[in-house]
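# Coordinate analysis (summary)
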Amino acid sequence: MFPHEQVIIRRGRESGLPIIVAVHSTTRGMAIGGCRMKAYPGWQDGLADALRLSAAMTDKCALAGLPHGGGKTVIVLPPAGDGGRQLAPHQPGDDLREAALHDAGSVIEDLGGIYATGPDVGTGPADMVTIGERTTHVFCRPVEHGGSGDSSPATALGTIAALRAVCAHRFGSPDLSRRSFAVLGLGRVGAHVARLLAEAGAKIKVADIDEAKRAAAPEGSVWINPDECLRETVDVLIPAALGGLLGPETVPALHCRAIAGPANNQLVSPDTAATLHERGILWAPDAVVSAGGIIHATAVELRHRSEQNALAEVETIGDTLTAILREADARRISPYEASITRSIAARERRVSRR
Ligand code: PHE
């Protein structure tokens with residue numbers, strides 16, 4: 001069976017670039033998921049990413065108890081010509097960027113409100129204003145434009161709540177100052193997480209494929225290279241960049257005791273969760289850890305919560321994760337399996353608590 005409700009692939013009228021919008025599920029309500037603007041070897045790779053990422057958004061919304069489903073937009077930029085290692089976002093010229101965002105907005109508008117977008121890898125709040133010139137179904141415009149603003153501080157806060165839960169479960173105390181961390185990726189979310197950890201007095205190492213991100217490394221952190229980061233002997237590894245980093249090639253080399261980070265789709269395949277579990281490495285499902293952005297944006301923009309109450313909702317990520325980790329222990333299954341069981345049950349219940 002085709003698992004997605006609807007997928008639109010269109011050559012953008014204004015940009016000529018492939019624009020892909022995947023709506024995975026609206027069973028629990030309107031689908032939400034960010035707009036990724038990134039270079040891919042070909043549009044098919046962008047499509048594959050959109051399909052995976054939108055399905056993950058369905059789990060993310062269900063596990064966060066939100067009355068929403070998953071979707072994703074991918075704007076496929078041409079390969080940056082660096083031998084296929086498309087990790088650094090290729091920056092298109094301003095005109096092309098604006099045209100591509102307008103194209104994405106037009107496709108989203110044509111969907112008539114079953115899906116709304118937000119920022120993701122390669123886009124930010126200012127880009128949401130541009131998308132908003134073609135559709136109203138967009139989250140996270142800057143506050144002065146009527147939106148809830150940058151979602152990355154909330155995503156980072158949710159990650160910290162998750163890290164405290166992981167430390168309590170794995171090491172017996174939520175106290176971050178007693179633990180060591182390696183943060184892989186100092187983008188908008190990763191840099192916030194690193195700073196919050198530094199403020200909490202944790203021991204941290206940071207890495208990014210982009211040397212220029214050294215400037216975002218908080219005081220007291222140690223800069224290492226990304227390959228080293230994956231092999232680092234630390235309590236917790238924090239994937240905060242692109243997905244697909246945990247697989248048969250990387251897992252054998254890991255020297256961490258737990259993994260919890262905001263990067264979407266960290267596992268190459270579900271089998272990786274079993275391998276991590278067998279190796280005794282606690283992996284916190286990214287669909288739970290990374291929900292802070294959507295919780296905050298929907299709390300402020302749809303449920304009209306105050307900033308303080310929205311952030312309190314984000315903090316519940318810690319309790320959700322604790323419940324999943326306990327359930328996994330009790331049933332002797334991996335946290336991944338426990339999270340999927342929960343997500344499916346939530347989708348069957350359809351109606352949310354909130
Ligand atoms: N990039 C966000 C995520 O993966 C997407 C998003 C944030 C969508 C905020 C809407 C609002 O969760």
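Our structure's up above, just so we're on the same page.
A brief look at the structure comes next. The shown structure was predicted, so the numbers you read here are calculated from the model rather than taken from an experiment.

### What to know about the packing of helix α1 (residues 43-63) against helix α12 (residues 335-349)
- For the pair α1 and α12, interaxial distance at closest approach is 9 Å and the crossing angle is 75°. Our classification of the angle between α1 and α12 gives roughly perpendicular. Taken together, the residues of α12 that come into contact with α1 (itself represented by T58, D59, A62 and L63) are S339, I340, R342, S343, A346 and R347.

### Details of the side chain of K60
- Relative to the elements of secondary structure, K60 occurs in helix α1.
- At 6.3 Å, D120 is the nearest oppositely charged side chain to K60, a buried residue that forms no salt bridge.
- A polar atom in the side chain of K60 sits 2.9 Å from the side chain of N264.
- Setting aside residues no more than four positions away along its own chain, K60 makes contact with N264, A287, S290, A291 and I294.

### Looking at α1
- When the terminal C-alpha atoms of α1 are compared, their 30 Å separation across 21 residues agrees well with the 30 Å that a helix rising 1.5 Å per residue should span.
- Phi turns positive, to about 75°, at G65, one or two residues after α1.

### Some thoughts on the pattern of salt bridges
- Using the criterion set out here, one finds 18 salt bridges in the structure.
- Close ionic contact of E232 with K205 constitutes a salt bridge, the shortest N to O distance being 2.8 Å. Placement of the pair is E232 in the loop between α6 (226-231) and β10 (236-239) and K205 in strand β8 (residues 203-207), with a sequence separation of 27 residues.
- Since its relative accessible area comes to 13%, E232 is described here as buried.
- Among the salt bridges present, the one from R303 reaches E313, with a minimum N-O distance of 2.5 Å.

### Examining the packing of aromatic side chains
- Per the stated rule, a full pass over the model turns up one aromatic pair.
- When the ring of W283 is compared with that of Y336, the centres are 6.3 Å apart and the planes differ by 45°; the resulting orientation is tilted. With W283 in strand β12 (residues 282-283) and Y336 in helix α12, the pair connects residues that are 53 residues apart, well separated along the chain.
- The partly exposed category is assigned to Y336, whose relative accessible area is 23%.
- When the ring centre of Y40 is taken as origin, the NZ or CZ atom of K38, which lies over that ring, is 4.1 Å away.
- Over the aromatic face of F171 sits the side chain of R179, whose NZ or CZ is 4.3 Å from the ring centroid.

### Some thoughts on the site of the ligand
- What surrounds the ligand is a group of 14 residues, the closest being G34, K60, P119, D120 and N264.
- Separating a nitrogen atom of the ligand from a backbone N or O atom of P119 is a distance of 2.8 Å.
- The contact in question runs from an oxygen atom of the ligand to an N or O atom on the side chain of N264, over 3.1 Å.
- Coverage of the ligand by the protein amounts to 93% of the 320 Å² it exposes when considered alone.
- Sorting the residues of the shell around the ligand by element identifies α1 and α9 (292-301) as the ones contributing at least two each.

### Considerations on the nonpolar core
- Of all hydrophobic cores here, the largest spans 73 residues; its most connected members are I75, L163, F181 and L197.
- No other element matches helix α4 (residues 152-171), which puts nine residues into this core.
- Residues from two domains meet in this core; each of domain 1 (6-141) and domain 2 (152-290 + 320-341) gives at least three.
- Residues in contact with F181, not counting those within four places in the same chain, are L163, C167, L176, L197, A202, K203, I204, K205, V234, V236 and I238.

### With respect to unusual backbone geometry
- Even without a glycine there, the phi angle at H304 is positive, about 50°.
- Turning to its location among the elements, H304 is positioned in the loop between α9 and α10 (307-315).
- In this structure, R332 takes a positive phi of about 55° despite not being glycine.

### Observations regarding α10
- Within α10, burial applies to A310, E313 and V314. Along the long axis of α10, the arc covered by the buried residues comes to 105°, so they all point the same way.
- Buried residues belonging to α10 abut α4, α9 and α11 (317-331).

### Observations regarding the environment of T250
- Tracing the backbone through its elements, the reader meets T250 in the loop between β10 and β11 (258-259).
- C-alpha of T250 to C-alpha of R231: the two residues are 19 residues apart in sequence and 8.4 Å apart in space.
- When sequence neighbours within four positions are dropped, the list of residues in contact with T250 reads L230 and L245.
- There is a polar contact of 2.7 Å between the side chain of T250 and the backbone oxygen of L245.

### Let's talk about the sheet that holds strand β9 (residues 222-223)
- Read from one edge of the open sheet, six strands run β9-β8-β7-β10-β11-β12, paired in parallel fashion. The open sheet terminates on both sides in strands that have one partner only, identified here as β9 and β12.
- Direction of pairing for β10 relative to β11: parallel, over a ladder of two bridges. Within β11, the residue paired with V236 across the bridge is A258.

Thresholds applied
- Residues numbered from 1 in each chain as written.
- Predicted model: local features only at pLDDT ≥ 70, side-chain atom pairs only at ≥ 80, totals over all residues.
- Heavy atoms only, no water.
- Axes fitted to C-alpha atoms, helices over the stretch in contact; angles between N-to-C directions.
- Helix = DSSP H or I, 4+ residues; strand = E, 2+ residues; numbered from the N terminus.
- Parallel < 35°, antiparallel > 145°, perpendicular 65-115°, else oblique.
- Contact = heavy atoms within 4.5 Å.
- Buried < 20%, exposed > 50% of the residue type's maximum accessible area, 1.4 Å probe, protein only.
- Lys, Arg positive; Asp, Glu negative; His and termini not counted.
- Salt bridge = Lys/Arg side-chain N within 4 Å of Asp/Glu carboxyl O.
- Polar contact = N/O pair within 3.5 Å; in protein donor to acceptor, adjacent residues only side chain to side chain.
- Expected span 1.5 Å × (residues − 1).
- Phe/Tyr/Trp six-rings, centres within 6.5 Å; stacked < 30°, edge-to-face > 60°.
- Lys NZ or Arg CZ within 6 Å of the ring centre and 35° of its normal.
- Near = heavy atom within 4 Å.
- Areas by Shrake-Rupley, 256 points an atom, 1.4 Å probe, with all protein chains shown as cover.
- Core = buried A, V, L, I, M, F, W, Y, C linked by side-chain atoms within 4.5 Å.
- Domains from an automatic or database assignment.
- Arc of directions from axis to C-beta.
- Pairing = 2+ DSSP bridges.

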